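Single-letter residue listing:
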Amino acid sequence: MELVQVADTVAREKNIDREVVLEAMEEAIQKAGRSKYGHDHDIRAHINRSTGDISLKRYREIVEEGTEIENELAQMTPSQAKRIKPDAKPGDVIVDDLPPLDFGRIAAQTAKQVIMQKVREAERSRQYQEFKDRVGEIINGIVKRVEYGNATVDIQGRAEAVLRRDESLPREHLKTGDRVRAIIYEVREEMRGPQIFLSRTHPEFMAKLFTQEVPEIYDGMIEIKAVARDPGSRAKISVQSRDGSIDPVGACVGMRGSRVQAVVNELGGEKIDIIPWTEDLATFTVNALQPAEVAKVVLDEEANRMEVVVPDEQLSLAIGRRGQNVRLASILTGWDIDIMTEAEESERRAQEFKTRSTLFIEALDVDEVIAHLLVAEGFTRVEEIAETPIDELNEIEGFEEEISQELQNRAIAYLEAKQKELAEKQADLG
């Protein structure tokens, strides 16, 4: 009965199945039995689940006559078995009862090691099963130890997790005994058991903190669209309301800033910009670059880039310290953002205008007036003039059908000459 009580106690303490503990004990007794009687014997132990009595038995299998016997202690032929069991036939198993084991010191030590090993394996399996589906959840824990900045966190006594140095906030120095909140971002099953990895720098951690602090987000009335963080320093979060009567930014800020302040305090003073999300990318970018004012946004959808023009005095504010503001806005929108001042933009436009005008003057053999008109109408390449219908060219102020036709003929002739030149080059190069 004593063994069953021990199994119950261990199962309760380690929070694992009692059956697993009893099976581990049986395996340990088997191992001790084989140590005593010989490792080649097929010895099996069984613990009675209600009384705790141990039975130790030796199993020997009867094989076909003439079959080569690999292990004489665990196998026998029917003719050998007839002396013990007259009606023995191949496939039968002869079971002998063995006297109860008197555990020696070494055997007891071996048994204890086997039991502890099995219990540890069962505990690891339970931990992995329990935490593998909890990725993305915020947990509260207590720091057990800190080594080289990496903290081992005890999660409510059920498991140990790792909060690596690079997943902690900068200037945050955890000590043993500190309470810590973090998000589970990965659970891996490794040789030494499940490894639960925590993070306080992950963008999802901030999103989950807002979900805890703002009931409207928890209820699904407000949706967090994107989060961009520079951990410990600055962050931007974009929110959208699914209910027209709720102001998403106001709900996240809370009365006198109480809700956002709770998140800021948890993140060690990280400044948070809350931005209303909108489908219009240009408007969203203007909001994302707050507190800087934006004069113009030019989108290049093919390259997934945008040019943002700001007044000269707003340039440093738009870029932010070490490029922080524009970097976070770029993560939030998912587009590359190039910031330039109004002066830089007008200078660049003038340069582009000059370059294109020169191209048309040289390629089409026209004067500056016609070249400027073509550039002003948005033509950037000779190919565009060759491909544009005559009717559209006629609509340009001052152009008649005769001029349009001549321009198109010159454009086609220029392109054909270019093509011929290219073919000759290719032939030369083989």
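Before any of the text, the structure's been laid out above.
Presented here is an overview of the structure given in this document. (Residues numbered from 1 in each chain as written. Predicted model: local features only at pLDDT ≥ 70, side-chain atom pairs only at ≥ 80, totals over all residues. Heavy atoms only, no water.)

All right, on to the pairing of strand β6 (residues 150-155) then. Regular strands place side chains that alternate from one sheet face to the opposite one. Bridge analysis of strand β5 (residues 138-147) against β6 gives five bridges, and the strand direction is antiparallel. The residue bridging E147 from the neighbouring strand is N150, located in β6. Turn length for the β5-β6 hairpin, with the two strands adjacent in sequence and antiparallel, is two residues, and the turn residue Y148 shows positive phi of about 50 degrees. Note that β6 and strand β7 (residues 159-163) share five bridges and pair antiparallel. By the bridge assignment, I155 is partnered in β7 with A159. (Pairing = 2+ DSSP bridges. Helix = DSSP H or I, 4+ residues; strand = E, 2+ residues; numbered from the N terminus.)

Okay, the environment of T152 next. The residue T152 is located in strand β6 in this model. Along the sequence, T152 and L198 sit 46 residues apart, while their C-alpha atoms lie 9.7 Å from each other. Aside from chain neighbours lying at most four places away, what touches T152 is I142, V143, K144, R145, E160 and A161. (Contact = heavy atoms within 4.5 Å.)

Quick look at helix α2 (residues 18-37) now. Given a rise of 1.5 Å per residue, 20 residues ought to cover 28 Å, and the 29 Å separating the end C-alpha atoms of α2 matches this to within 8%. In the segment just after α2, G38 is the residue with positive phi, at about 120 degrees. (Expected span 1.5 Å × (residues − 1).)

Backbone-to-backbone hydrogen bonds pair the strands of a sheet. The strands run either parallel or antiparallel. Read from one edge of the open sheet, three strands run β10-β11-β12, paired in mixed fashion. If you trace the sheet from one side to the other, it starts and ends with β10 (222-230) and β12 (271-276), each paired once. Strand-to-strand twist in this sheet, taken as the mean axis angle between neighbours without regard to direction, amounts to 20 degrees. (Axes fitted to C-alpha atoms, helices over the stretch in contact; angles between N-to-C directions.)

This brings us to the pattern of salt bridges. This model, assessed by the stated rule, comprises 21 salt bridges. Notably, a salt bridge pairs R164 with D166, separated by 3.4 Å at the nearest N-O pair. Given a relative accessible area of 29%, R164 falls into the partly exposed group. (Salt bridge = Lys/Arg side-chain N within 4 Å of Asp/Glu carboxyl O. Buried < 20%, exposed > 50% of the residue type's maximum accessible area, 1.4 Å probe, protein only.)

Taken as a whole, this structure holds two aromatic pairs when the rule is applied. Taken together, a centroid distance of 6.4 Å and an interplanar angle of 45 degrees make the contact between Y185 and F197 tilted. Of this pair, Y185 sits in strand β8 (residues 179-190) while F197 sits in strand β9 (residues 193-199), placing them 12 residues apart in sequence. By relative accessible area, Y185 is classed as partly exposed at 23%. Note on F197: relative accessible area 7%, which makes it buried. Taking NZ or CZ as reference, R44 lies 4.1 Å from the ring centre of Y59, over its face. The side chain of K225 reaches across the aromatic face of W277, ending 4.3 Å from its centre. (Phe/Tyr/Trp six-rings, centres within 6.5 Å; stacked < 30°, edge-to-face > 60°. Lys NZ or Arg CZ within 6 Å of the ring centre and 35° of its normal.)

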